[in-house]
Amino acid sequence: MKYTQLGRTGLEVSRLVLGTMNFGPQTDEADSHTIMDAALDTGINFFDTANVYGWGENKGRTESIIGTWFAQGGDRRDKVVLATKVYGNMGPEGDAWPNHHKLSALNIRRAVDASLKRLQTDHIDVYQFHHVDRQTPLDEIWQAIDVLVQQGKILYVGSSNFPGYKIAQANEIAARRGGTIGLVSEQCLYNLAERRAEMEVIPAAREYGLGVIPWSPLHGGVLGGVIRKQTEGGRRASGRAAETLADPKSRAQIQSYEDLLDKHGIEPGEAALAWLLTRPGVTGPIVGPRTADQLASAVRAVDLELSEELLASLDEIFPGPGPSPEAFAW
């Protein structure tokens, strides 16, 4: 495994991030533990989760599965850089009870204590805002974070799904307050098929020293060889992959992508991950394996070298927006 610093921090993290969203809903506890053990064995030390994972009536289930894994000992907690998120409604289904979601100081305090209990740990390494809170002032948010840092409950703070202007605003206010390190990472939707983050989010992250952590690196399976799998009688496409293939133009684009990689003898999913690892500012993509075999495939991408010719061909199939601000200014 290869490692890098998380943004401008001294924190050393693996170039792949283990996403745990499937733990509970799709992968049972025993298999989830097996995958986490396998991740450590391959050198992955950066684990990402969220308090709402498990979803519906099982919100928090994913954090609990990680907690029971930590409780097995063997230096599991000490070896992991643990990231979780706060924002979503953790109450019963339906409307949230006041102050049981978003980023008020009260909810942040309540949410971090609940996450620590489920995770069976005394601190969270990277505490991430899962979404922008348009109602809570950033001064209030940073005041709550300062208290948690002083208490030793969290070490670093990241954002997720933030636009570029909000990254700038959050870190400018943190700098004005003094003593607050501000955001050190941004977790955003970014992959070959979805490159809008290159217009504002990634430039802002790089300017302020945030590590970029792309989620959905295979675009919901679209970039994982979905057409070939269908042809070979594999699992039928669903969700984003099905929507993409339903559009003739997009299907032709994905077919060109798969044909190109077949010519080079490279697995599509591994190429999509390897491409992200070549992008400026990217710390590492989040991979969410349902099985140990899927994890092994993702790990191979770290050592996969993409030629300049292949990178140029990928740009032709999936052209990005271009440099900012030229991409939208003229």
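(A) Empty space enclosed by the protein, seen in detail. Evaluated as defined, the whole model comprises 1 cavity of 30 Å³ or more. Volume-wise, the largest cavity comes out at about 40 Å³. Every residue lining the largest cavity is listed: Leu103, Phe129, Val132, Asp133, Thr136, Leu138, Ile141, Phe162 and Lys166. A class-by-class count of the residues in the lining of the largest cavity yields 6 nonpolar, 1 polar and 2 charged.

(B) Local environment of the side chain of threonine 9. Positionally, threonine 9 belongs in the loop between strand E1 (3-5) and strand E2 (12-14). Within polar-contact distance, the side chain of threonine 9 engages the backbone oxygen of leucine 6 at 2.7 Å. Looking at threonine 9, its side chain comes within polar contact range of the main-chain nitrogen of leucine 11, at 3.0 Å. Not counting chain neighbours up to four residues away, the residues in contact with threonine 9 comprise Tyr156 and Val184.

(C) Focus on the layout of surface pockets. Computed from the structure, the largest pocket encloses a volume of approximately 1,500 Å³. Considering the residues around the largest pocket, the lining is formed by 49 residues, among which Leu218, Gly220, Gly221, Gly288 and Arg290 are closest to the centre. Among the secondary structure elements, those contributing two or more residues to the lining of the largest pocket are helix H8 (226-231), helix H9 (239-246), helix H11 (268-277), strand E10 (286-287) and helix H12 (292-302). Looking at the lining of the largest pocket element by element, the count peaks at 5 residues for H12.

How each quantity is defined
Residues numbered from 1 in each chain as written. Predicted model: local features only at pLDDT ≥ 70, side-chain atom pairs only at ≥ 80, totals over all residues. Heavy atoms only, no water. 1 Å grid on protein atoms, 1.4 Å probe; cavity = no way out; pocket = protein on both sides within 12 Å on 5 of 7 lines; lining within 4 Å. Points joined across faces, edges and corners; volume = space filled by probe spheres on them. Nonpolar A, V, L, I, M, F, W, Y, C, P; charged D, E, K, R; others polar. Helix = DSSP H or I, 4+ residues; strand = E, 2+ residues; numbered from the N terminus. Polar contact = N/O pair within 3.5 Å; in protein donor to acceptor, adjacent residues only side chain to side chain. Contact = heavy atoms within 4.5 Å.

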